[in-house]
Amino acid sequence: MDSPSYADDISPYADDVHIEVSPSLAPDDTGALSSDTLADLVRFVVDAEDGRLRHVSLVLAGHETVRSLNRDYLEHDYNTDVLAFSFSEPASPPEPADADPPPPPLVEGEVYVDVETAAERHDEFGASLEEEVCRYIVHGVLHLLGYTDKTKDANRTMHRLEDRYLAAFPSD
């Protein structure tokens, strides 16, 4: 694999993606997904979006953890499939036309995937458990890159990007 051209403070290989599986999940709850595959997926999406990956913690958890975070930090007392918390500075306002282009987005944050939701809903979408978990991961990383899904158009854009990246991601 060729090394991406990141700024000196961005290391593409030094623990840039940390995978954690909640102890509340049974060993089979995450399907056949390996930590290496999940980390590669995060890197793939960030690279495809011309982002600069500093660090992403990817946490595979269940309803209790994700709902608690949703309630405590977003004041939404309901289950959700994925939460993303960015630690990066928000994008700067556009510069005048003659200014240097801004650097690519810096990606640093946490993505919490509710694997129990994926297990409950993957059949509804004609997907395997692993495919549904990967969709949630891509969705969370897109949020870290600055995408939102608060409007119908923005939601459609994110869904198109999810489809594009999941189809293009090299699988074993």
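A brief structural summary. Each chain carries its own residue numbering, running from 1 in the written order of its sequence. Owing to the predicted nature of the model, reporting of local features is limited to residues with pLDDT of at least 70; listing and counting of side-chain atom pairs is limited to 80 or more, with chain, interface and lining totals taken over all residues. Values shown for side chains rest on all heavy atoms present in the structure; no hydrogens or waters enter the calculation.

1. Section: the packing of aromatic side chains
Any Phe, Tyr or Trp ring, taking Trp's six-membered ring, that has another such ring centre within 6.5 Å forms a pair; planes under 30 degrees apart are called stacked, those over 60 apart edge-to-face, and the others tilted. Enumeration over the complete set of coordinates arrives at 4 aromatic pairs. Summarising the aromatic geometry, the rings of Phe44 and Tyr165 are spaced 6.3 Å apart at their centres and angled 90° between planes, so their arrangement reads as edge-to-face. One end of the pair, Phe44, is in helix α1 (residues 35-48); the other, Tyr165, is in helix α5 (residues 152-168), with 121 residues separating them in the sequence. Using a 1.4 Å probe on the protein chains alone, a residue whose accessible area is under 20% of its type maximum counts as buried, one over 50% counts as exposed, and one in between counts as partly exposed. Residue Phe44 is classed as partly exposed on the basis of its relative accessible area, which comes to 24%. On the accessibility criterion, Tyr165 (6% relative accessible area) is buried. Plain terms: the ring middles of Phe44 and Phe169 are 5.5 Å apart, the flat faces sit at 70° to each other, and that makes the pair edge-to-face. Placement of the pair is Phe44 in helix α1 and Phe169 in the segment after α5, with a sequence separation of 125 residues. Aromatic ring contacts, followed pair by pair, group Phe44, Tyr165 and Phe169 into a single cluster. By the criteria applied, helices consist of DSSP H or I runs no shorter than four residues and strands consist of E runs no shorter than two, each listed in order from the N terminus.

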